[in-house]
Amino acid sequence: MRLEKCWFCSSTIYPGHGIQFVRNDAKIFRFCRSKCHKNFKMKRNPRKVKWTKAYRRLHGKDMTQDLTFEFERKRNRPERYDRNLAETTLKAIKKITKVRVEREAKHHALRMKGKKAKDHKEAVKELEQSIHLVKAPAVFQQDPTLTLPKMQVKVSQKQSEENNAMEE
Amino acid sequence: MVQYNFKKITVVPNGKDLIDIILSRTQRQTPTVVHKGYAISRLRQFYMRKVKYTQQNFHEKLSGVIDEFPRLDDIHPFYGDLLHVLYNKDHYKLALGQVNTARNLISKIAKDYVKLLKYGDSLYRCKSLKVAALGRMCTVIKRISPSLAYLEQIRQHMARLPSIDPNTRTILICGYPNVGKSSFINKITRADVDVQPYAFTTKSLFVGHTDYKYLRYQVIDTPGILDRPFEDRNIIEMCSITALAHLRAAILFFLDISGSCGYSIAQQAALFHSIKSLFMNKPLIIVCNKTDLQPLEGLSEEDMKLVMEMKAEAMKTVLGQGGEPANNEGVLLTMSTLMEDGVIAVKNAACERLLDQRVEIKMKSKKINDCLNRFHVAMPKPRDQKERPPCIPQAVLEARAKEAAEKEKRKTEKELENENGGAGVYSASLKKHYILANDEWKEDIMPEILDGHNIADFIDPDILLRLEELEQEEGLRQAEDMDDDFEMDGEELTAEEKEALTEIRKKKSLLIQQHRIKKSTAESRSIVPRKFDKDKQFTSERMGRQLSALGLDPSLAIKRARSRSLSRKGRKRERSRGDHGDAMDVDMDTPNKKLRVRSGSLSQSRSRSRPPSEVAPGEGFRDSAQKVKAIKLGKKSVKKRNKDARKGEADRVIPSLKPKHLFSGKRSIGKTQRR
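A brief report on the enclosed structure follows. (Residues numbered from 1 in each chain as written. Chains lettered and ligands numbered in written order. Predicted model: local features only at pLDDT ≥ 70, side-chain atom pairs only at ≥ 80, totals over all residues. Heavy atoms only, no water.)

**Re the overall build of chain A**
So, point 1. Tallying secondary structure elements over chain A gives seven helices and four strands in all.
So, point 2. Along chain A, from the amino end to the carboxyl end, the secondary structure elements read β-β-β-β-α-α-α-α-α-α-α.
So, point 3. Within the span of chain A, comprising 168 residues, buried residues form 27% of the whole.
So, point 4. Looking at chain A alone, contacts between residues at least 24 apart form 38% of all its contacts between residues at least 6 apart.
So, point 5. Looking at chain A as shown, the accessible area adds up to about 12400 Å², and 53% of this sits on carbon and sulfur atoms. (Helix = DSSP H or I, 4+ residues; strand = E, 2+ residues; numbered from the N terminus. Buried < 20%, exposed > 50% of the residue type's maximum accessible area, 1.4 Å probe, protein only. Contact = heavy atoms within 4.5 Å. Areas by Shrake-Rupley, 256 points an atom, 1.4 Å probe, with all protein chains shown as cover.)

Structure follows, in structure tokens:
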């Protein structure tokens, strides 16, 4: 039993899921769900579809080249069973995944590094430019606070009386 | 064999019929339509074809007749003579000859007329030529019609001749009329020949078949022969004479010793002597019939003497063949067909004699030697005493021995299965022959999947090394990251600023939404801006609210706006009128009490919908009466259309009142009870 990768979105296909399509030139396309299958039938390029791994790797959103990826490679020659080797492999897999996850997180962090400062700058600018939507500049001069104090809307007594008369 | 073909001769048509058949066939099988406007070659071809076709058909038919009738010289002399006796050879040949000449004449006619047709210059001339040709051919046939009739008669008679095979074993029965020949043949064969007291009951040859020693014999019954000179014999007697003459058969000469046939023994003996020349080289048996009436021993002296003479003659024939001498039973037999006494003995004797003769002849002929020399098996002769067995190499023998031993030693899986309980109970351990570094690992179950990865992809003998490298690398990297892993925690917005920011963003999104609505097409929005504010967007209260939301004091602005508004003007006038008097209490613009109150008030505590007859300021009606009329007109214009169930103004015409697809046709499923 093997876990395959979806051709379109590169997610793992567990047994009992998805569809395999065999083309006339004997190339096999595996899909994890009908979403990927339908996109494939529409002849969409996964490199252009934002949510696929192919796009993310291509556009540098995800980590591409790493030593941890070299451990997991499809080998076509079966190895003779060795209990010790199997044990070590199992333990190693755990460590490798840990390392990989950490590295991916770091990659992400690196990508998002300047975001805070940028956001801050934008916010400051916006505040400066568009404060007139919240508070009139005239008032601003008098009272340098940014927001208005919360106050109730005054309704004049006279008007309310008249209205009451109409409501009758 | 020719004897059977007599039955297969096709019917000879008589002259008239033949003409009719051929002419009607010509009419049918050749093209019939021709016009005088056709090209001359076409006309000629048309008529030539007819003439040739007729000639060909006549030729075929007549050739058929000629070929199928047997040529008397080519068939067995027995048949030849028989046919001659019956039909007269000369007449027969003449008839066939006439048919032949007719055939040739017709060919000549056709040839001549075709030659003439080649030069026919008009339709009429060609046609006349064709008519002449066909006419002449038909005349020829008419002339030979008596021959055709004669041939037809012969054919019918020939078909009824008995099928006698001249070459097989035959027994011939002859004698005076009424001696008991037909009775005898009735006894020994299944033939059913007429037996009557009068002479010449049998008028032609009859054939029966009998068996003896698993062989089939033909028995031929002949009509009686009278003692007359050869020239005086009639046709019937001639038949028997022919048979006697040509068939190589055993002859049974019947003798009526009682004399009840009407002829004495002397007469019969005389007959015997007159035809004894025909008995040359044939086994002859003299049969004394009707012994129930007169036994042989009771004969008178003279009769006995005559009989002995005949016997002597018969013995001569026996001697001539080299048979047993002085065998009384061989040549002279007595029987009585009525009593059925001695019939079988006669038959057996005759068959035996015939068989012996035939075998002897065969043995003397050359053919027999050919059969014996057909096969020969050759065996090699051994040249010395040495034994020579087949040769097998030593290695092969050893291998065979080893295989045999192995087969006995090894236990098959099937045997194991059967020992441990059979197919359903025992499941073979497929892993027991695995070749591993450590035999303890044979029964290990190895997992294939871990956390969404295939373990088989990771298996590598060097995995430990690589893992170590990885960990080293990781350590280094971590050290590096420690150094520059500080995030500028710098400026942050205050709570107030954040609040302001959220409000700004809210307002912005609202503006954007409104703009998007406003940005719609002209279909949903009038392009000409309204002069009158129907939705009451631009009221002073609204302005006041918005200004206060921004933090400004709106009172001054409201005052100013109100001082400039139109309604204000109206109010001013009202005041001046009020000075004059209260005559005109009613405002021109606001006839209704409700409206007046409405325009007077600055703000409304409740919103109300307008009644349909009230004119809103932006609508363009003079007064409510006009509006009411307009509404009425509008409704009236639509009423008729709605009643007709029409979509709109453009829905004017029904192109077809009864469209075919709605009123005709069967339904693929369901009923058509209504349309």
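**Looking at unusual backbone geometry**
So, point 1. Although it is not a glycine, Ser10 of chain A adopts a positive phi angle of roughly 65°.
So, point 2. Examined against the element boundaries, Ser10 of chain A turns out to sit in the loop between strand E1 (4-5) and strand E2 (12-13).
So, point 3. One non-glycine residue, Lys213 of chain B, adopts positive backbone phi at about 50°.
So, point 4. Summarising the element assignment, Lys213 of chain B is placed in the loop between strand E2 (206-212) and strand E3 (215-221).
So, point 5. Here Lys213 of chain B falls in the partly exposed class, since its relative accessible area comes to 48%.

**A short note on the sheet that holds E3 of chain B**
Residues and elements named next belong to chain B.
So, point 1. What the six strands build is an open sheet, ordered E2-E3-E1-E4-E5-E6; its pairing is mixed. Two strands lie at the open edges of the sheet, namely E2 and strand E6 (332-334), each paired on one side alone. Across this sheet, the average inter-strand angle for adjacent strands is 25°, counted without regard to direction.
So, point 2. In terms of strand pairing, strand E4 (residues 250-256) meets strand E5 (residues 284-289) through six bridges, oriented parallel. If you follow Phe254 over to E5, its bridge partner there is Val287.
So, point 3. The strands touched by helix H10 (residues 265-275) are strand E1 (170-175), E4 and E5; relative to E4, the strand with the most contacts, the crossing angle is about 160°. (Pairing = 2+ DSSP bridges. Axes fitted to C-alpha atoms, helices over the stretch in contact; angles between N-to-C directions.)

**Focus on the packing of helix H2 (residues 15-29) of chain B against helix H3 (residues 40-68) of chain B**
All names here are of chain B.
So, point 1. Contact geometry for H2 and H3: axes closest at 10 Å, N-to-C directions at 140°. Of the possible angle classes, the one that applies to H2 and H3 is oblique. When you trace H2 past H3, the crossing you get is right-handed. Along its contact with H2, which presents Leu18, Ile22, Leu23, Arg25, Thr26 and Gln29, the element H3 presents Arg49, Lys50, Tyr53, Thr54, Asn57, Phe58, Lys61 and Leu62.
So, point 2. Partitioned by chemical class, the residues of the contact of H2 with H3 number six nonpolar, four polar and four charged. (Parallel < 35°, antiparallel > 145°, perpendicular 65-115°, else oblique. Left-handed = near helix turned anticlockwise from the far one by under 90°. Nonpolar A, V, L, I, M, F, W, Y, C, P; charged D, E, K, R; others polar.)

**Describing the interface of chain A and chain B**
So, point 1. Contact with chain A, which involves 63 residues of that partner, is made by 62 residues of chain B.
So, point 2. Between chain A and chain B, roughly 6000 Å² of surface is buried when both sides are summed, and carbon and sulfur atoms account for 60% of that area.
So, point 3. Linking chain A with chain B are eight salt bridges.
So, point 4. With a shortest N-O distance of 2.9 Å, Asp457 of chain B and Arg2 of chain A are connected by a salt bridge.
So, point 5. Taken together, chain A and chain B are joined by 18 residue pairs in polar contact (both at pLDDT 80 or more).
So, point 6. Elements with a minimum of two residues in the side of chain A that touches chain B: helix H3 (67-71), helix H4 (83-111), helix H5 (115-130), helix H6 (137-142) and helix H7 (157-167) of chain A.
So, point 7. The greatest single-element share of the side of chain A that touches chain B, amounting to 17 residues, is contributed by H4 of chain A.
So, point 8. By residue class, the composition of the side of chain A that touches chain B is 27 nonpolar, 13 polar and 23 charged. (Buried area = accessible area lost by both parts, 1.4 Å probe. Salt bridge = Lys/Arg side-chain N within 4 Å of Asp/Glu carboxyl O. Polar contact = N/O pair within 3.5 Å; in protein donor to acceptor, adjacent residues only side chain to side chain.)

**What to know about the pattern of salt bridges**
So, point 1. Tallied over the entire structure, the rule returns 32 salt bridges over all chains.
So, point 2. A salt bridge links Lys115 of chain A to Asp119 of chain A, with the nearest nitrogen and oxygen atoms 3.7 Å apart. A residue pair is termed a helical-turn pair when its members lie 3 or 4 positions apart in one helix, as Lys115 of chain A and Asp119 of chain A do in helix H5 at four residues.
So, point 3. The class of Asp119 of chain A is partly exposed, set by a relative accessible area of 37%.
So, point 4. One salt bridge in this structure joins Glu126 of chain A and Arg505 of chain B, with 3.1 Å as the shortest N-O distance. A residue pair is termed interchain when its members come from two chains, as with Glu126 of chain A in helix H5 and Arg505 of chain B in helix H18 (residues 495-518).

**A look at the pairing of strand E4 (residues 28-31) of chain A**
All names here are of chain A.
So, point 1. A one-sided burial pattern is seen for E4, the buried positions being Phe29 and Phe31 and the unburied ones Ile28 and Arg30.
So, point 2. Alignment of strand E3 (residues 19-22) against E4, held across four bridges, turns out to be antiparallel. Pairing of Val22 across the sheet is with Ile28, part of E4.
So, point 3. Once E3 ends, the chain turns through five residues before running back antiparallel as E4, passing Ala26 with a positive phi of about 70°.

**Things to note about a nonpolar patch on the surface**
Residues and elements named next belong to chain B.
So, point 1. Where nonpolar side chains cluster on the molecular surface, the patch consists of Ile392, Val396 and Leu397 and spans about 220 Å² of accessible area.
So, point 2. In this structure, Ile392 sits in the loop between helix H14 (367-372) and helix H15 (394-409).
So, point 3. For Ile392, a relative accessible area of 42% gives the class partly exposed. (Patch = residues over 30% accessible without salt bridge, like charges linked within 9 Å, V, L, I, M, F, W, Y side chains within 5 Å.)

**A look at the nonpolar core**
So, point 1. Of all hydrophobic cores here, the largest spans 114 residues; its most connected members are Phe69, Phe184, Leu244, Leu252, Phe253 and Phe279 of chain B.
So, point 2. Ranked by the residues each element gives to this core, the list is headed by helix H5 (residues 89-117) of chain B, at eleven residues.
So, point 3. With sequence-adjacent residues up to four places away left out, Phe184 of chain B is seen in contact with Ile173, Leu252, Phe254, Met335, Thr337, Val343, Val346 and Lys347 of chain B.
So, point 4. Membership of the second largest hydrophobic core comes to 13 residues, among which are Leu85 of chain A together with Phe458, Ile459 and Leu467 of chain B. (Core = buried A, V, L, I, M, F, W, Y, C linked by side-chain atoms within 4.5 Å.)

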